[in-house]
Amino acid sequence: MIENGKYSHGHKVAKLESALAAYTGARFVIGVNSGTDALVLLLRAAGLRPGDEVVVPAFSFIASASSVVLAGGRPVFADIEPDGYGIDPASVADVAGERTRFVMPVHLFSQLVDIDKVLDVAWRLGLTVVEDSAEAIGMRHRGTHAGLLGAGGVLSFFPTKTLGAIGDAGAVLTDDPRIADTVDALRHHGRFGRTIDNFPGISTETGLPGMNSKMDDIQAAVLLAKLTRLDADIARRAQLAAHYTELLTGVPGVRKLPAARPGGVFYVYVIEAEARDDLAAHLSAQGVQTEVYYPVPLHLQPCFRDLGHRSGDFPNAEAACRHTLALPLYPDMPAAAVEKVCGSIRDFYRGRP
Ligand SMILES: Cc1ncc(COP(=O)(O)O)c(C=O)c1O
């Protein structure tokens, strides 16, 4: 790769796309610069036009909603279900209006959204489903990989992801040749009167302005190497998660442990905890690094102020922001480290009134 001087959008990227297509079962995988770009390009390719509304859960990473704005649309927030982190289909039906054309379920942490219910409400309301499956590599619903349950989905290869690069990278997954062809064109400045090799026989003009969202070959090379041990890494993550669950069950102050739904992958191990911020500070003082993924719900983010939301609008999302805490989880983690974290959590709650 370095010898042939093709550092971006070269052979390694094409090879990674094929390997990911084989891994996920997607008909098309299109490598891009990040998971965020993948969402923007997917929305545009799936037909989002200026002013179209997309229903997005109020509890997610900011890119789930900012990608809608960057694609020219308008996010409309919905609450999440009380006993999981997936978008609540009843809330989707409540907030969808005349201009709503899409719904974006987000598969967070270690579980798939209850997708059958989301597909059902989308069908009733005539909405296209685009999945934010950025965290969901390896997650499958009855054998179908996340991202392929609606019109298309994305993957993020940010370094901390289950399959992480050594910088930014992402991909769009879809079975739809028109979406694939449009993303392929838009990631590389649109298509100005020429066809691109990846999809011979498909040579439509998109008529849309493109961008530079090509994937670097160095990232593709790293991801290709790491893909060979992805399933082993996922199995190790599941073992460590089971160990956490065993040690944390019944600990007072730990309100909720992640439910092991079929088809999930432990990208992170997220608990819900009383006095969450004090617990995080206590663990940090013991040398245990934790993460509060989404401390502020999307509807209360300053960049969405003009949507006019207030605290209390989406109570389940707000409660998740107050209580969730991701504990350390990585495939090389020794079992003794899990035991240390759980011991520190028990000590913290033992010392409280
Ligand atoms: C749910 C979700 N959506 C979107 C993204 C954006 O991906 P990236 O960081 O690769 O742009 C991420 C990852 O950071 C994510 O976790």
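Just so it is clear, the structure is predicted and the values come from calculations on it, not from any experiment.

Draft legend 1. Fine view of the side chain of T290. Secondary-structure assignment places T290 in the loop between α9 (276-285) and α10 (315-323). The exposure class assigned to T290 is buried, which follows from its relative accessible area of 15%. In this structure, T290 is in contact with A280, L283, L325, A326, L327 and P328, ignoring residues within four places of it in sequence.

Draft legend 2. Spatial organisation of helix α1 (residues 11-24). When the terminal C-alpha atoms of α1 are compared, their 20 Å separation across 14 residues agrees well with the 20 Å that a helix rising 1.5 Å per residue should span. Lining the buried residues of α1 we find β1 (28-32), β6 (140-141), β7 (144-145), β9 (170-174), α7 (217-227) and α8 (230-248). Downstream of α1 by a residue or two, G25 has a phi angle that is positive, lying close to 85°.

Draft legend 3. Broad picture of the UniProt feature "modified residue: N6-(pyridoxal phosphate)lysine" (unreviewed entry) in the chain. Sequence positions flagged by UniProt for "modified residue: N6-(pyridoxal phosphate)lysine" (unreviewed entry) are, in local numbering, K161. By the secondary structure assignment, K161 is in the loop between β8 (152-156) and β9. If we ignore the near neighbours within four places in the chain, the residues touching K161 are A134, E135, S156, R237 and Y267.

Draft legend 4. Up close: the domain arrangement of the chain. Parsing the chain into structural domains produces domain 1 (11-227) and domain 2 (230-350). Centre-to-centre, using C-alpha coordinates, domain 1 lies 25 Å away from domain 2. Taken together, the contact pairs 41 residues of domain 1 with 34 residues of domain 2. Contact between domain 1 and domain 2 buries roughly 3200 Å² in total, counting both sides, with carbon and sulfur atoms accounting for 61%. Three residues stand out in domain 1 for area buried against domain 2, namely F77, F109 and T162, and they jointly supply 21% of the buried area on that side. Between the two partners, domain 1 and domain 2, sit zero salt bridges. For the interface between domain 1 and domain 2, the tally reads 15 residue pairs in polar contact (both at pLDDT 80 or more). Of all the secondary structure elements, the ones that give two or more residues to the side of domain 1 that touches domain 2 are β2 (53-57), α3 (62-70), β3 (74-78) and α7. Along the lines of polarity and charge, the residues of the side of domain 1 that touches domain 2 split into 23 nonpolar, nine polar and nine charged.

Basis of the calculations
Residues numbered from 1 in each chain as written. Predicted model: local features only at pLDDT ≥ 70, side-chain atom pairs only at ≥ 80, totals over all residues. Heavy atoms only, no water. Helix = DSSP H or I, 4+ residues; strand = E, 2+ residues; numbered from the N terminus. Buried < 20%, exposed > 50% of the residue type's maximum accessible area, 1.4 Å probe, protein only. Contact = heavy atoms within 4.5 Å. Expected span 1.5 Å × (residues − 1). UniProt positions renumbered as here; feature names shortened; annotations may be inferred. Domains from an automatic or database assignment. Buried area = accessible area lost by both parts, 1.4 Å probe. Salt bridge = Lys/Arg side-chain N within 4 Å of Asp/Glu carboxyl O. Polar contact = N/O pair within 3.5 Å; in protein donor to acceptor, adjacent residues only side chain to side chain. Nonpolar A, V, L, I, M, F, W, Y, C, P; charged D, E, K, R; others polar.

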